[in-house]
Amino acid sequence: MKPYISHDWNEETIESKARWFQSLTDEQRMDYLCEFTDFVLDFNPKLLERRDAESTRRGLLVLRKEKG
């Protein structure tokens, strides 16, 4: 099979993104985490001031829109 690069939004599935992320080294993953954290804090620096966070006992529901 020949590798190719696709620019089609329809091929960007959760599974393909997971495979890409799993292909990264630990160092690359940490770099992305730091970049994302810096981005979020640049957008909202007051997040660092929050000290009253509480954990939730509720579950997480992931919804997917069906194609078509």
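Our subject is the structure listed above.
It should be emphasised that the depicted structure is a prediction, and the values quoted were computed from it without experimental measurement. (Residues numbered from 1 in each chain as written. Predicted model: local features only at pLDDT ≥ 70, side-chain atom pairs only at ≥ 80, totals over all residues. Heavy atoms only, no water.)

Assigned secondary structure in the protein consists of two helices and zero strands. Taking 2.2 N^0.38 as the reference for a compact globule, 68 residues should give roughly 11 Å; the C-alpha atoms of the protein span a radius of gyration of 17 Å, well beyond that estimate. Along the longest, intermediate and shortest principal axes, the C-alpha atoms of the protein span 50 × 30 × 20 Å. Per-residue burial for the protein yields a buried fraction of 3% across its 68 residues. (Helix = DSSP H or I, 4+ residues; strand = E, 2+ residues; numbered from the N terminus. Rg over C-alpha atoms; globule rule 2.2 N^0.38 Å. Buried < 20%, exposed > 50% of the residue type's maximum accessible area, 1.4 Å probe, protein only.)

Once that is clear, we can look at a negative patch on the surface. Together, Glu27, Asp31, Glu35, Asp38 and Asp42 make up a negatively charged patch on the protein surface. Note that Asp38 resides in helix 2 (residues 26–43). (Patch = residues over 30% accessible without salt bridge, like charges linked within 9 Å, V, L, I, M, F, W, Y side chains within 5 Å. Areas by Shrake-Rupley, 256 points an atom, 1.4 Å probe, with all protein chains shown as cover. Salt bridge = Lys/Arg side-chain N within 4 Å of Asp/Glu carboxyl O. Lys, Arg positive; Asp, Glu negative; His and termini not counted. Charge placed at Lys NZ, Arg CZ, Asp CG, Glu CD.)

Take the pattern of salt bridges next. Per the counting criterion, the structure on display carries one salt bridge. Ionic pairing is found between Glu15 and Arg64, a salt bridge with its closest N-O pair at 3.4 Å. Taken together, the residues Glu15 in helix 1 (residues 14–22) and Arg64 in the segment after helix 2 connect sequence positions 49 residues apart. Its relative accessible area of 56% is what places Arg64 among the exposed residues.

Residues Arg64 and Ile14, 50 residues apart in the sequence, show an inter-C-alpha distance of 9.8 Å. If we skip the residues at most four places from it in the chain, Arg64 touches Ile14 and Glu15. Among the polar contacts made by the side chain of Arg64, one reaches the side chain of Glu15 at a distance of 3.4 Å. (Contact = heavy atoms within 4.5 Å. Polar contact = N/O pair within 3.5 Å; in protein donor to acceptor, adjacent residues only side chain to side chain.)

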